[in-house]
Amino acid sequence: MKILSAEFITSAASLAQVSRERRPEIAVAGRSNVGKSSLINCLLRRRGLARASKAPGRTQLLNFFLVNQEFYLVDLPGYGYAKVPDLVRRAWGPMVEEYLAAARDLRGVILLIDARQGVTEKDLQMKGFLDDLSLDCLPVLTKIDKLRRTARDAQIRDAAGTLGLGDPRQIIAFSAKSGEGRDALLAATGACLRGDRARRVPR
């Protein structure tokens, strides 16, 4: 899949604020500060399209990006620790659950996991929630450039085992800094949009 165009469309605090226009959607989920914004900018090759911040919890709304005039990439609020008011943080869970469980044309979820930390309990909870909803999950280890070769291979195997995946090749190793994994993630996303599960082993 080639990225021909990408633009920010809207931010929403609930589905009631989102257009009823139906296009296929791919969501991006992960812990706060896992590198969602950096991954989106790298994936779409649009610097600054998604706002990156060193402070966890910058994304507090559902952010919709229209890609190739064909599908939406939806940036979900990060879960886990975030320096935001408790009232705001508590609202994220129901908002994300409402979005994921809604009868929209959601084709799959890119689940981001920090390669340095490995799979956390929060990541497992999200993976379980996606499984319960029968949603396709594309697991991605971000910041892979921070690990040495021996450590990264072990982390990929460990993540696959913890997530219950039979093949470590289902894990996409990604670096927004070097661009490693971009082509693999684009290919997996394209296959997910087509419903072609068999071709989503990235390496």
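Residues numbered from 1 in each chain as written. Predicted model: local features only at pLDDT ≥ 70, side-chain atom pairs only at ≥ 80, totals over all residues. Heavy atoms only, no water.

Asks: I would appreciate a short explanation of the state of the cysteines in the present structure.
Replies: Disulfides are covalent bonds that connect the sulfur atoms of two cysteines. The tally for this structure, following the rule as stated, stands at 0 disulfides. Sulfur of Cys 137: no disulfide; nearest cysteine sulfur belongs to Cys 192 and is 9.3 Å away. Given a relative accessible area of 13%, Cys 137 falls into the buried group. (Disulfide = S-S within 2.5 Å. Buried < 20%, exposed > 50% of the residue type's maximum accessible area, 1.4 Å probe, protein only.)

Asks: Where do I start with the confidence of the model for the chain in this structure?
Replies: Averaged over every residue, the pLDDT of the chain is 85; the share at 70 or more is 85%. By mean pLDDT, helix 2 (residues 86–101) is the weakest element of the chain at 70, and strand 7 (residues 172–173) is the strongest at 97. Predicted confidence for residues 53–58 stays below pLDDT 50, and this span has 14 contacts to residues more than four positions away or in other chains. Counting contacts from residues 198–203, a segment whose pLDDT is below 50, to residues more than four positions away or on other chains yields 19 contacts. (pLDDT = per-residue confidence, 0-100. Helix = DSSP H or I, 4+ residues; strand = E, 2+ residues; numbered from the N terminus. Contact = heavy atoms within 4.5 Å.)

Asks: What is the right way to read the packing of aromatic side chains from this model?
Replies: By convention here, two paired aromatic rings are described through the distance between centres and the angle between planes. Summed over the entire model, instances satisfying the criterion amount to 3 aromatic pairs. Each ring, one from Phe 64 and one from Tyr 99, has its centre 6.4 Å from the other, and the planes form 85°; the classification is edge-to-face. Here Phe 64 is found in strand 3 (residues 62–67), whereas its partner Tyr 99 is found in helix 2, with 35 residues between them in sequence. Judged by its relative accessible area of 1%, Tyr 99 falls in the buried class. Taken together, the ring pairs connect Phe 64, Tyr 72 and Tyr 99 into an aromatic cluster. (Phe/Tyr/Trp six-rings, centres within 6.5 Å; stacked < 30°, edge-to-face > 60°.)

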